[in-house]
Amino acid sequence: MNFIRKHRDFAVYCLFGFLASIINIVIFDLSHNSFGIPLWLANTIAWFISNVFSFFVTKIYVFKTPMGSYKKMFNEGIYFIVSRLFSLLFDDIFMIVAVLIFPLNNILIKAIDQLVVGLFNYYSSKWIFNYNNRNIIEKIKQFRVSQKSNPKKESEAKEI
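Worth saying up front: this structure is predicted, and the values here are computed from it rather than measured.

> Go over the packing of aromatic side chains with me, naming the residues and quoting the values.
Counted by the stated rule, this structure contains four aromatic pairs. Between Phe55 and Phe80, the aromatic rings sit 5.3 Å apart at their centres with planes inclined by 70°, giving edge-to-face as the arrangement. Of this pair, Phe55 sits in helix 3 (residues 39–62) while Phe80 sits in helix 4 (residues 70–101), and the two are 25 residues apart along the sequence. Accessibility classification places Phe55 together with Phe80 in one group, the buried group. Measuring from ring centre to ring centre gives 5.6 Å for Phe90 and Phe94, while their planes differ by 25°; the resulting arrangement is stacked.

Below is the structure:
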């Protein structure tokens, strides 16, 4: 029972990550293979739509964080999308290179890509929605404000 409690977040994330990957793959397939949209653009459109879905299910069902104010949700959304931009970069590069190099079906390559990207996304999402880390972000913000308000400390720090 402790094993289940300990790994609950990961198991639920895998379920919703699988659904987000299905959304991503279906949208990619439709936009690229059916409508002829260029690979990188079709991949980016699929990424965006699946990540909007992923933001809400990850927040609500995986890490069970309250919706809160629009400002709080907007801030979380920004952190979420910025962290996912790294996975989009990898996703686009992997898709372009793999489709050009390997003579495999682009949907099979997309499925492999989604497994790798999914692992990265889990750990970045865990960091974003884990409110213990919010203290770190707030401390960084406070440090920056204190450095701007006290330039003498900054110059002393540069001398050391």
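> Hey, could you go over the pattern of salt bridges for me, with residue numbers and the actual values?
Overall, the coordinates contain three salt bridges when judged by the stated rule. We note a salt bridge from Asp91 to Lys110, for which the minimum N-O separation is 3.3 Å. Of the two residues, Asp91 sits in helix 4 while Lys110 sits in helix 5 (residues 106–129), which places them 19 residues apart along the sequence. This pair shows no difference in class: Asp91 is buried, exactly as Lys110 is. Between Lys110 and Asp113 there is a salt bridge; the shortest N-O distance is 3.8 Å. Taken together, the residues span about one helical turn, with Lys110 and Asp113 both in helix 5 at a distance of three residues. As far as burial versus exposure is concerned, Lys110 and Asp113 are alike and both buried. Because the salt bridges share partners, they merge into one network encompassing Asp91, Lys110 and Asp113.

> Before we move on, could you go through the nonpolar core and cite the residues and values that matter?
Counting residues in each nonpolar core, the largest one holds eight residues, listed as Ile27, Phe28, Leu39, Ala42, Ala46, Met95, Ala98 and Ile109. Those elements giving two or more residues to this core turn out to be helix 2 (8–34), helix 3 and helix 4. Within the second largest apolar cluster, seven residues are counted, among which are Val12, Tyr13, Phe16 and Val62.

> Could you give me a rundown of the packing of helix 2 against helix 3, with the residues and numbers involved?
For the pair helix 2 and helix 3, interaxial distance at closest approach is 8 Å and the crossing angle is 155°. Classified by the angle their axes make, helix 2 and helix 3 are roughly antiparallel. Relative to helix 3, the crossing made by helix 2 is right-handed. Partitioning the contact of helix 2 with helix 3 into residue classes produces 18 nonpolar, seven polar and two charged.

> Any chance you could break down the packing of helix 3 against helix 4 for me, citing the residues and the numbers?
Between helix 3 and helix 4, the least distance of the axes is 9 Å, while the angle of their chain directions is 145°. In this structure, the crossing between helix 3 and helix 4 has a hand that is right-handed. Among the residues making up the contact of helix 3 with helix 4, the classes are represented as 13 nonpolar, six polar and five charged.

> Please give an account of the environment of Thr58 that cites residues and values.
Following the sequence through the fold, Thr58 ends up in helix 3. A sequence separation of 45 residues divides Thr58 from Tyr13, and the C-alpha atoms of the two residues are 6.9 Å apart. Looking at Thr58, its side chain comes within polar contact range of the main-chain oxygen of Ser54, at 2.6 Å.

The rules behind each value
- Residues numbered from 1 in each chain as written.
- Predicted model: local features only at pLDDT ≥ 70, side-chain atom pairs only at ≥ 80, totals over all residues.
- Heavy atoms only, no water.
- Phe/Tyr/Trp six-rings, centres within 6.5 Å; stacked < 30°, edge-to-face > 60°.
- Helix = DSSP H or I, 4+ residues; strand = E, 2+ residues; numbered from the N terminus.
- Buried < 20%, exposed > 50% of the residue type's maximum accessible area, 1.4 Å probe, protein only.
- Salt bridge = Lys/Arg side-chain N within 4 Å of Asp/Glu carboxyl O.
- Core = buried A, V, L, I, M, F, W, Y, C linked by side-chain atoms within 4.5 Å.
- Axes fitted to C-alpha atoms, helices over the stretch in contact; angles between N-to-C directions.
- Parallel < 35°, antiparallel > 145°, perpendicular 65-115°, else oblique.
- Left-handed = near helix turned anticlockwise from the far one by under 90°.
- Nonpolar A, V, L, I, M, F, W, Y, C, P; charged D, E, K, R; others polar.
- Polar contact = N/O pair within 3.5 Å; in protein donor to acceptor, adjacent residues only side chain to side chain.

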